[in-house]
Amino acid sequence: MRKEIEKFFPLFFFISGWFILFLRKPSGLLQPQFWAEDGSVWYVNAYTMGFKSFFLVQDGYFQTSARIAGLLAQFIPLFHVPQLFFILGLSFQVLPAVFFISKRSAQLIPQLSVRLFLAVIYLILPNTTEIHGNATNIQWFLALTAFLIVLK
């Protein structure tokens, strides 16, 4: 029975972590607005250029994850696009914490309670509004997740 519970723990933590991040900025879902390049670059480029926008360089590098978000946004009404960007932003923001509490990170820190504590600390970090809940900064959370994978 315990093994079956452990199997769903990362999913439970993903939902809990997402809720914690949502509570930090509920307006992102309840009163959504485009943030920085989310609307003016990623959405507009995807709308005007379609899949070709995927190969554009922005500020000297490829913004693959945000461009994918812009392309996905083409399938929903414009009114809901800022919500989609917020949902994707929070989902990728919680990803490093979920990976950290998973069994794959047990070699780094064997005690689940310590990993859980550090993951919650990561989720409630203060002064992170600049990177919180937007598609523009998905890349940094993917980089942190990749770093955790390499550390394993």
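Per chain, residue numbering runs from 1 following the sequence as it is written. In view of the model being predicted, local features appear only for residues whose pLDDT reaches at least 70, and side-chain atom pairs are presented and counted only at 80 or more, with totals across whole chains, interfaces and linings using the full set of residues. In computing side-chain properties, one takes all heavy atoms of the structure into account and sets aside hydrogens as well as water.

Visitor: What's the story with the overall build of the protein in this structure? I'm lost.
Guide: Under the scheme used here, helices are H or I runs from DSSP no shorter than 4 residues and strands are E runs no shorter than 2 residues, and both carry numbers assigned from the N terminus. Across its full length, the protein holds 7 helices and 0 strands. Beginning at the N terminus, the succession of helices and strands in the protein can be written as α-α-α-α-α-α-α. The dimensions of the protein, computed from C-alpha atoms along their principal axes, are 50 × 35 × 30 Å. Out of the 152 residues in the protein, the part that is buried amounts to 39%. Here, two residues are considered to be in contact whenever any of their heavy atoms come within 4.5 Å of each other. Long-range contacts, defined here as pairs at least 24 residues apart, represent 68% of the contacts in the protein between residues at least 6 apart. The sign given to each residue is positive for Lys and Arg and negative for Asp and Glu; His and the chain ends receive no count. Taken as the charge centre is NZ of Lys, CZ of Arg, CG of Asp or CD of Glu, depending on the residue. Taken as two groups, the 11 positive and 6 negative side-chain charges of the protein have centres that lie 11 Å from each other. Relative accessible area decides the class of each residue, using a 1.4 Å probe on protein chains only: under 20% of the type maximum gives buried, over 50% gives exposed, and in between gives partly exposed.

Visitor: Where do I start with a nonpolar patch on the surface in this structure?
Guide: Side chains of Val114, Phe117, Leu118, Ile121, Ile124 and Leu125 sit close together on the surface and give an oily, nonpolar patch of about 490 Å² of accessible area. Among the secondary structure elements, Leu118 is positioned in helix 6 (residues 112-123). Residues qualify for a patch when their relative accessible area is over 30% and they have no salt bridge, like charges being joined within 9 Å and the nonpolar side chains of Val, Leu, Ile, Met, Phe, Trp and Tyr within 5 Å. Working definition of accessibility: Shrake-Rupley area with a 1.4 Å probe, residue cover restricted to the visible protein chains. Criterion for a salt bridge: a side-chain nitrogen of Lys or Arg within 4 Å of a carboxyl oxygen of Asp or Glu.

Visitor: What exactly am I supposed to notice about the side chain of Gln93 here?
Guide: If you trace the backbone, Gln93 turns up in helix 5 (residues 81-101). Among the polar contacts made by the side chain of Gln93, one reaches the main-chain amide nitrogen of Gly133 at a distance of 3.3 Å. In contact with Gln93, other than residues within four places in its own chain, are Leu21, Tyr122, Ile131, His132, Gly133 and Phe141. Residues adjacent in sequence count toward polar contacts only when both atoms are side-chain atoms; beyond that, a polar contact is any pair of N or O atoms within 3.5 Å, and within protein one must be able to donate a hydrogen and the other to accept it.

Visitor: Hey, could you run me through the environment of Ile101 in this one?
Guide: Within the element layout of this structure, Ile101 appears in helix 5. Residues Ile101 and Val114, 13 residues apart in the sequence, show an inter-C-alpha distance of 9.0 Å. Contact partners of Ile101, with chain neighbours within four places excluded, come to Phe9, Pro10, Phe13, Leu112, Arg115, Leu116 and Ala119.

Visitor: Can you help me understand the nonpolar core in this one?
Guide: As a rule of thumb, nonpolar side chains are buried together in soluble globular proteins. By nonpolar core is meant a set of buried Ala, Val, Leu, Ile, Met, Phe, Trp, Tyr and Cys residues that side-chain atoms within 4.5 Å join together. Counting 14 residues, the largest nonpolar core has Phe13, Leu90, Ala97 and Leu123 as the members making the most contacts within it. If you list the elements that add at least two residues to this core, you get helix 1 (2-24), helix 5 and helix 6. Examining the composition of this core, we find that 6 residues originate from one element, helix 5, more than from any other. For Leu123, the residues in contact, after removing those within four places along its chain, are Phe13, Gly17, Ile20, Leu21, Arg24, Val94 and Ala97. Membership of the second largest hydrophobic core comes to 12 residues, among which are Tyr43, Leu84, Leu88 and Ala135.

Visitor: Could you clarify how one ought to interpret the packing of aromatic side chains in this entry?
Guide: Centre-to-centre distance and the angle between the planes together describe a pair of aromatic rings. A pair of Phe, Tyr and Trp rings is counted when the ring centres sit within 6.5 Å of each other, with Trp represented by its six-membered ring. The angle between the planes then sorts it: under 30 degrees is stacked, over 60 is edge-to-face, the rest tilted. Within the structure shown, the criterion is met by 9 aromatic pairs. Consider the rings of Phe34 and Tyr43, whose centres lie 5.9 Å apart with planes at 35 degrees: the pair is tilted. Note on Phe34: relative accessible area 34%, which makes it partly exposed. Judged by its relative accessible area of 12%, Tyr43 falls in the buried class. Ring pairs connect the aromatic residues Phe34, Tyr43, Tyr47 and Phe85, which therefore count as one cluster.

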